[in-house]
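Residues per chain, in single letters:
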Amino acid sequence: MNRFLEEAFSMQDEIVSDRRHIHRKPELGFDLPETREYVKAKLRSYGYELMDLGGGVTCTVGTGTNPVILLRADMDALPQTEDSGEPFSSENKGACHSCGHDCHTAMLLGAAKILKVHEKELKGTVKFMFQPAEELLQGSQSMIDAGILENPKVDAAVGFHINTGKCGNYDLHPGTMVFAEEKMMPSADEFIIRVQGKAAHGATAYLGVSALNIASNIVTQLQQMPILETAYNDDIIMSIGSIHSGNASNIIPDTAEIRGNVRAFTQEKREYLKKRIAEIATGVASAWQGTAEISYTVGVAPNVNDRELTQEMKGYLANVAKKIQIIQPVSGSEDFANIGLHVPTFFANLCAGAPEDGYEYSMHNPKMRVDEEALPYGTAAHCQCAYEYLAHHEN
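Draft legend 1. Main features of the layout of surface pockets. Approximately 560 Å³ is the volume attributed to the largest pocket. In this structure, the largest pocket is lined by 25 residues; those nearest its centre are Cys-99, Met-185, Gly-332, Ser-333 and His-364. Elements with a minimum of two residues in the lining of the largest pocket: strand E5 (156-163), strand E8 (188-196), strand E12 (255-263), strand E13 (291-300) and strand E16 (345-351). Its residues assigned to classes, the lining of the largest pocket comprises 11 nonpolar, nine polar and five charged. For the second largest pocket, the lining is made up of 14 residues, of which Met-51, Thr-58, Lys-127, Glu-150 and Asn-151 are closest to its centre. Secondary-structure elements contributing two or more residues to the lining of the second largest pocket are strand E1 (51-53) and strand E2 (56-62). The biggest single contributor to the lining of the second largest pocket is E2, with three residues.

Draft legend 2. Representation of the sheet that holds strand E10 (residues 237-245) in the model. The four strands are arranged E10-E12-E8-E13 in an open sheet whose pairing can be described as antiparallel. Since the sheet does not close on itself, it has two edges, and those belong to E10 and E13, each with one partner. Between one strand axis and the next, the sheet turns through 15 degrees on average, direction left out of account. Note: E8 against E12, eight bridges, orientation antiparallel. Along E12, the bridge assignment pairs Gln-196 with Thr-255.

How each quantity is defined
- Residues numbered from 1 in each chain as written.
- Predicted model: local features only at pLDDT ≥ 70, side-chain atom pairs only at ≥ 80, totals over all residues.
- Heavy atoms only, no water.
- 1 Å grid on protein atoms, 1.4 Å probe; cavity = no way out; pocket = protein on both sides within 12 Å on 5 of 7 lines; lining within 4 Å.
- Points joined across faces, edges and corners; volume = space filled by probe spheres on them.
- Helix = DSSP H or I, 4+ residues; strand = E, 2+ residues; numbered from the N terminus.
- Nonpolar A, V, L, I, M, F, W, Y, C, P; charged D, E, K, R; others polar.
- Pairing = 2+ DSSP bridges.
- Axes fitted to C-alpha atoms, helices over the stretch in contact; angles between N-to-C directions.

Below you can see the structure in the form of structure tokens.
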């Protein structure tokens with residue numbers, strides 16, 4: 001058995017205990033006081049010196065020299081009320097770890113403990129990133145802005161996400177690692193279009209400018225744009241989720257608000273779509289004698305696995321995973337992607353529960369459950385990827 005896998009299974013009870021502790025006390029967004037303190041206490045007990053950064057926690061292990069590889073885990077939960085039936089279910093009403101971030105944090109804590117034991121063997125530096133607010137798609141950028149990729153400067157980054165339930169056409173039993181070899185997940189940009197018209201009585205509509213009419217036309221044109229302007233294999237998604245205007249049947253409304261989301265698998269297409277949304281919204285509004293302003297409430301880049309790094313990590317994972325499967329890109333988004341705008345990244349899913357074994361519900365479902373047998377595989381995968389990367393990139 002691989003030595004890191006053996007060590008990870010030897011501390012399986014501790015990894016599971018960490019996961020369950022965090023699971024019982026889920027916290028949201030950037031507001032993670034208990035989770036953060038638990039992580040910091042564990043890391044201090046392993047001998048780490050810590051730094052609070054961008055709402056998260058970071059520390060390093062190794063020689064303090066190049067190369068530097070970053071390992072990342074997210075810590076925040078979802079605003080849901082848990083219905084899993086687990087004896088260690090959420091004690092915080094309205095919050096639960098139904099996306100597995102409790103598992104990610106526990107697995108990386110386990111890796112930190114093991115790598116500290118092997119610190120003198122490391123041929124460089126491992127930097128740990130325990131981040132907040134992934135579900136808001138803001139946590140990684142907060143830590144990037146605060147300097148997580150500097151001092152020491154990061155050369156590559158790795159992130160894992162558990163998968164369970166009916167979420168993909170692949171082997172979901174514990175120990176399977178799945179990933180795409182380039183395009184992994186699309187960008188996600190949430191936008192608001194605010195339309196300004198001119199109010200009037202319904203009996204004299206010609207005296208006004210209907211913001212509702214403008215908004216309706218904008219929505220129609222936006223939904224047509226991807227079909228008419230992008231190729232069939234461009235893999236872009238346009239969603240309009242909300243339109244609000246007016247409050248009476250006989251008043252021409254002077255304002256309207258549209259909320260939507262657009263996703264793309266390349267940064268080039270992402271920028272193109274944002275450009276066209278603005279052009280269409282302002283153009284349609286102008287044609288109907290109104291105005292439109294566009295703002296973005298949150299945005300995250302496409303999650304693209306670096307080709308060379310992916311092939312390298314694939315080889316390392318073969319030593320710890322039960323099975324490796326290459327998959328097609330998936331349609332969800334992940335704020336780990338923002339790191340990939342700065343350094344080569346590798347992102348993979350660790351399978352943690354097959355439907356035929358009773359794990360029917362996937363991520364973001366309050367009934368979601370995890371087969372904890374998967375957790376040591378995640379810990380070992382972190383260790384193996386970091387250790388081997390440093391050994392093969394030693395300066």
